Amino acid sequence: MNLVRDRTVQGLTLALGVMLIVSALVPSWIVNQLLFAFSRAIVVLGLLVLWRTRLVSFGHALYFGLGAYTVAMTSRYTGVNDAFALLGAAALLSTVVGFFVGFIIRRYRDIFFAMLNLAFSMILYGILVKTEALGSTDGFTIEQPTFAGIAFEDPSEGKLALLCLLMVVGWAVAVGVQAYLRSTLGRLTTAIGDNEIRVEYLGYSAEHAIHIKYVLSTFLAGLGGGFMALALGQVDPDSMVNWTASGELVFVTILSGPGSVAAPFIGSFVFEILRTYAFEWMPHAWQMIVGGTLLIVIFFMPGGLWGLVSGVAQRLTRRRPAAAAPGAGG
Amino acid sequence: MPPPILDVRNLHKNFGAVTAASNINVSFTAGETVGIIGANGAGKTTFVNMITGYLKPTRGAILYRSREITGLPPRSIARLGICRSFQVSQVFVSLSVLENLLTAVAIASSPGLGMLRPLRRPELIERAERIMERYRIAAFRDQLASELSQGARKLLDIAMAVAGGPKILLLDEPTSGISTEEKQPLMDVVMEALKQDELTILFVEHDMEIVERYVDRVLAFYQGEVICDAPPAEALRDPKVQEFVIGGEYQAGGGHA
Ligand SMILES: Nc1ncnc2c1ncn2[C@@H]1O[C@H](COP(=O)(O)OP(=O)(O)O)[C@@H](O)[C@H]1O
Ligand SMILES: [Mg+2]
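Computed from a prediction, not measured in an experiment: that's the story for all the values here.

Rules of the game
- Residues numbered from 1 in each chain as written.
- Chains lettered and ligands numbered in written order.
- Predicted model: local features only at pLDDT ≥ 70, side-chain atom pairs only at ≥ 80, totals over all residues.
- Heavy atoms only, no water.
- Helix = DSSP H or I, 4+ residues; strand = E, 2+ residues; numbered from the N terminus.
- Rg over C-alpha atoms; globule rule 2.2 N^0.38 Å.
- Buried < 20%, exposed > 50% of the residue type's maximum accessible area, 1.4 Å probe, protein only.
- Contact = heavy atoms within 4.5 Å.
- Areas by Shrake-Rupley, 256 points an atom, 1.4 Å probe, with all protein chains shown as cover.
- Lys, Arg positive; Asp, Glu negative; His and termini not counted.
- Charge placed at Lys NZ, Arg CZ, Asp CG, Glu CD.
- Near = heavy atom within 4 Å.
- Polar contact = N/O pair within 3.5 Å; in protein donor to acceptor, adjacent residues only side chain to side chain.
- Donors = N, O, S within 2.8 Å, 3.2 Å for Na, K, Ca; no water.
- Pairing = 2+ DSSP bridges.
- Axes fitted to C-alpha atoms, helices over the stretch in contact; angles between N-to-C directions.
- Domains from an automatic or database assignment.
- Buried area = accessible area lost by both parts, 1.4 Å probe.
- Salt bridge = Lys/Arg side-chain N within 4 Å of Asp/Glu carboxyl O.
- Expected span 1.5 Å × (residues − 1).
- Parallel < 35°, antiparallel > 145°, perpendicular 65-115°, else oblique.
- Nonpolar A, V, L, I, M, F, W, Y, C, P; charged D, E, K, R; others polar.
- Core = buried A, V, L, I, M, F, W, Y, C linked by side-chain atoms within 4.5 Å.

On a plain count of helices and strands, chain A comes out with 15 helices and two strands. The C-alpha radius of gyration computed for chain A amounts to 20 Å, which stays within 12% of the reference 20 Å derived for 330 residues, consistent with globular compactness. With respect to the principal axes defined by its C-alpha atoms, chain A has extents near 75 × 55 × 45 Å. Counting every position in chain A, which comprises 330 residues, the buried fraction comes to 50%. The long-range fraction of contacts in chain A, counting pairs at least 24 apart against all pairs at least 6 apart in sequence, stands at 79%. Carbon and sulfur atoms make up 69% of the accessible area of chain A, which amounts to about 14800 Å² in all. Of the side chains in chain A, 20 bear a positive and 18 a negative charge, and the two mean positions are spaced by 16 Å.

Right, here's the structure in full:
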């Protein structure tokens with residue numbers, strides 16, 4: 001496969017190598033930040049796929065929460081406590097739900113698409129809050145998992161192991177999404193956003209293509225939610241399923257920018273840092289800083305952080321040949 | 001006579017009280033070029049829409065190579081080999097000309113799981129480029145479709161319709177929105193390109209000079225009915241056609257003779 005020669009894949013692989021080394025050296029609070037950031041990044045990756053088709057979901061906390069609660073419930077009620085099994089269950093359940101909900105969702109566009117997702121997520125929120133066995137408003141804590149049978153005595157070692165797994169899985173899904181985005185099906189993003197009728201007359205169903213994108217995004221949301229549950233060691237409806245959690249995901253998507261599958265990882269990390277510091281500076285008004293950031297991104301950085309990063313990179317690489325040209329002439 | 005490639009039987013379409021198609025019985029032989037004429041609202045687009053699956057007929061049947069296709073969705077009909085262009089060009093405005101054609105070529109040549117193969121495959125790019133050259137839009141290869149002139153956009157629209165190698169091509173007013181001087185050259189490009197594919201072509205056209213110049217056969221519509229089905233020379237002299245379609249006597253050769 002010529003994926004090996006794909007610049008984005010090369011960059012991601014290099015980043016994975018560097019991060020695996022770096023994460024072993026940094027203090028544990030950074031390990032935690034990275035865990036939260038990359039868990040969310042996996043979810044945002046799915047929203048990026050939707051956004052490229054000009055679809056925004058205000059309800060993906062449904063799948064994020066479903067993934068998180070699947071991890072929590074499975075570990076609590078079945079005794080299965082291996083990270084691989086828990087995450088697999090999380091991804092599977094949210095994908096299955098996404099598949100069925102997708103039959104309804106795929107018929108809607110624009111604000112209806114966004115709000116229908118919100119409506120479904122509010123139903124799950126209501127169920128969780130009302131059900132004692134699901135932890136009600138408090139949620140519950142999750143034991144530290146094992147990794148393919150290996151148990152870590154030291155919790156910080158366990159966190160580090162989780163981060164390594166998260167980074168490898170994050171790399172794998174980013175490469176997978178990149179391959180998808182290069183495929184004919186994946187390229188039916190802008191095309192569908194532009195003109196569904198034409199897609200139909202070329203011989204493919206736009207609804208079908210949207211359904212596949214949607215299921216892909218629910219798979220990623222469930223997986224990311226599962227990681228988030230393990231990273232936090234707890235689940236609760238307000239931070240994971242409520243509409244504010246969905247809003248946060250959309251925020252990070254816009255902050256990251258749709259330009260690359262690497263963008264969600266950068267965007268999510270910046271978001272984590274931003275929120276932590278904003279909370280320290282202004283415990284009661286941190287939303288103001290987050291909101292202000294969103295305004296800046298929308299007004300001045302339509303390509304998000306990725307647009308900024310790639311713009312700077314382009315300027316740097318362009319300057320070199322330009323500087324070399326006069327020398328060659330003289 | 002060879003069996004018809006397309007056979008339309010007793011086709012009806014009502015929109016509430018409006019009858020847009022009424023008792024249409026026609027069949028087409030492979031390789032024919034047929035001009036569809038009629039005043040505004042006569043039912044030409046409705047006819048095209050029913051054949052391509054956009055509209056379900058109220059009654060009647062459409063058979064393609066003896067197989068009934070009535071009521072199939074547009075994508076299935078397109079995959080069977082019946083493609084179309086649009087009265088108002090339908091292209092992907094935020095993609096480049098090349099990407100527009102690549103998408104068309106790729107969908108046509110990637111059924112099922114083939115859709116997961118990369119879009120930018122060398123063989124597909126080559127095919128897209130060949131089509132661009134035939135339709136004289138190669139110069140705009142990397143321009144966004146939104147930046148194209150009306151004429152170039154029409155050409156792209158038609159090029160996308162034929163990209164999948166259809167057997168039947170329906171063109172709904174290929175020259176609408178094009179200035180009079182540009183019409184003939186545009187149609188020359190289109191017909192020249194299409195000739196190489198031995199297609200059956202049905203095209204809706206208002207300009208009788210163009211009809212006379214390019215078609216083998218004329219179908220004239222009036223209030224949802226086919227009022228004349230004949231070779232152009234005969235059709236354009238038909239009194240009913242002159243009264244209800246052309247609105248006056250048609251001067252053969254458009255005064256060039
Ligand atoms: N979707 C529709 N709903 C209601 N009436 C329609 C619709 N499409 C076409 N019509 C009516 O059907 C008749 C034929 O329209 P059309 O096929 O577009 O004509 P043409 O293409 O020959 O100008 C017109 O009276 C038109 O108003
Ligand atoms: Mg019309």
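With that settled, the discussion passes to the site of ligand 1. Residues and elements named next belong to chain B. Close contacts around ligand 1 come from F15, V18, A20, A39, N40, G41, A42, G43, K44, T45 and T46, and that covers them all. A distance of 3.0 Å separates an oxygen atom of ligand 1 from a polar backbone atom of G43. Here K44 contributes a backbone N or O atom positioned 2.8 Å from an oxygen atom of ligand 1. For ligand 1, the protein covers 59% of the area, taking 560 Å² as the surface of the free molecule. Residue assignment for the shell around ligand 1 shows that the elements contributing at least two residues are strand 2 (18–28) and helix 1 (44–51).

Okay, the coordination of the magnesium ion (ligand 2) next. Protein coordination at the magnesium ion (ligand 2) comes from B:T45 (OG1) and B:Q87 (OE1), with a distance range of 2.0 to 2.6 Å. One end of the pair, B:T45, is in helix 1; the other, B:Q87, is in the loop between strand 6 (82–84) and helix 3 (97–109), and 42 residues separate them in sequence.

All names here are of chain A. With respect to the helices and strands, the residue A151 is situated in the loop between strand 1 (140–141) and helix 6 (155–182). For A151, a relative accessible area of 51% translates into the label exposed. It is 9.0 Å that separates the C-alpha atoms of A151 and D82, two residues lying 69 residues apart in sequence.

This part covers the sheet that holds strand 4 (residues 59–64) of chain B. Residue and element names in this part refer to chain B. With antiparallel pairing, four strands are arranged side by side in an open sheet as 2-1-4-5. The open sheet is flanked by strand 2 and strand 5 (67–68), the only strands paired with a single partner. Judged from the seven bridges that link them, strand 1 (residues 6–15) and strand 2 form a sheet pairing that is antiparallel. Paired with L6 across the bridge in strand 2 is F28. Packing of helix 1 onto the sheet brings it into contact with strand 1, strand 2 and strand 4, and relative to strand 1 it is tilted by some 120°.

The next point concerns the domain arrangement of chain B. All names here are of chain B. The assigned domain composition of chain B is domain 1 (1–81 + 165–257) and domain 2 (91–164). Between domain 1 and domain 2, the C-alpha centre-to-centre distance is 25 Å. The interface is formed by 19 residues belonging to domain 1 together with 16 residues belonging to domain 2. Regarding the contact of domain 1 and domain 2, the summed buried area is about 1400 Å², with carbon and sulfur atoms giving 62% of it. In terms of surface lost to domain 2, no three residues of domain 1 exceed R79, G165 and V189, which account for 33% of the buried area on that side. The tally of links from domain 1 across to domain 2 stands at zero salt bridges.

Here we come to helix 3 (residues 61–77) of chain A. All names here are of chain A. Look at helix 3: 23 Å from first C-alpha to last across 17 residues, which is about the 24 Å you get at 1.5 Å a residue. Buried residues dominate helix 3, accounting for 15 of its 17 residues. Immediately downstream of helix 3, the backbone of G79 shows phi near 85°, a positive value.

The next subject is the packing of helix 2 (residues 28–52) of chain A against helix 10 (residues 206–232) of chain A. Relative orientation of the contacting elements helix 2 of chain A and helix 10 of chain A amounts to 170°, with a least axis distance of 8 Å. If you check the angle between helix 2 of chain A and helix 10 of chain A, you find them roughly antiparallel.

On to the packing of helix 1 (residues 7–25) of chain A against helix 6 of chain A. Residue and element names in this part refer to chain A. For the pair helix 1 and helix 6, the least separation of the axes is 10 Å and the interaxial angle reads 175°. Considering the angle they form, helix 1 stands roughly antiparallel to helix 6. For the pair helix 1 and helix 6, contact is made by T8, V9, L12, T13, L16, M19, L20, S23 and A24 and by L160, L163, C164, M167, V168, W171, A174, V175 and Q178, respectively. Of the residues belonging to the contact of helix 1 with helix 6, the class tally is 14 nonpolar, four polar and no charged.

Residues and elements named next belong to chain B. One finds L101, Y135, I137 and L194 to be the most contacted residues of the largest nonpolar core, which totals 139 residues. Three or more residues apiece are contributed to this core by two domains, here domain 1 (1–81 + 165–257) and domain 2 (91–164). With sequence-adjacent residues up to four places away left out, L194 is seen in contact with Y135, V162, L169, L171, L199 and I201. V8, V26, F28 and V48 belong to the second-largest nonpolar core, a separate cluster that totals 27 residues.

Before going further, it helps to examine the pairing of strand 8 (residues 200–204) of chain B. Residue and element names in this part refer to chain B. Counting buried positions along strand 8 yields five of five residues, so the element is predominantly enclosed. The two faces of strand 8 match: T200, L202 and V204 on one face and I201 and F203 on the other face are all buried. As defined by bridge partners, strand 3 (residues 33–37) adjoins strand 8 across four bridges and the pair is classed as parallel. The residue bridging T33 from the neighbouring strand is I201, located in strand 8. When strand 7 (residues 168–172) meets strand 8, the two strands line up parallel, connected through five bridges. Paired with L170 across the two strands is L202, which belongs to strand 8.

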